[in-house]
Amino acid sequence: MKVTAERDRCIGAGLCTLHAPAVFDQEDDGMVVVLDESPTGAAADDARKVAEYLCPGKAVLVTEG
């Protein structure tokens, strides 16, 4: 899997960092930072949940492959 974040769509809500802290962090201005572009195990599951259900700006993308 590959995790990316479209920073221009990020609204800085922080849900990604709360629900997948091994994968995401935020800069001081609230913009998302991807810490692990290829997470595995529970971190991968958390990233999928963020992308599918929790990111209000739909800025987090998870692609399989």
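Structure's up top.
Conventions and cut-offs
Residues numbered from 1 in each chain as written. Predicted model: local features only at pLDDT ≥ 70, side-chain atom pairs only at ≥ 80, totals over all residues. Heavy atoms only, no water. Helix = DSSP H or I, 4+ residues; strand = E, 2+ residues; numbered from the N terminus. Buried < 20%, exposed > 50% of the residue type's maximum accessible area, 1.4 Å probe, protein only. Contact = heavy atoms within 4.5 Å.

1. Re unusual backbone geometry
Here is step 1 of the chain: Look at K58: it is not a glycine, yet its phi comes out positive at around 50°.
Here is step 2 of the chain: For K58, the location among the structural elements is in the loop between helix 2 (41–54) and strand 4 (60–63).
Here is step 3 of the chain: The exposure class assigned to K58 is partly exposed, which follows from its relative accessible area of 38%.

2. A short note on the side chain of T17
Here is step 1 of the chain: Here T17 shows up in helix 1 (residues 15–19).
Here is step 2 of the chain: Apart from residues lying up to four places away in sequence, T17 is in contact with F24, D25 and Q26.

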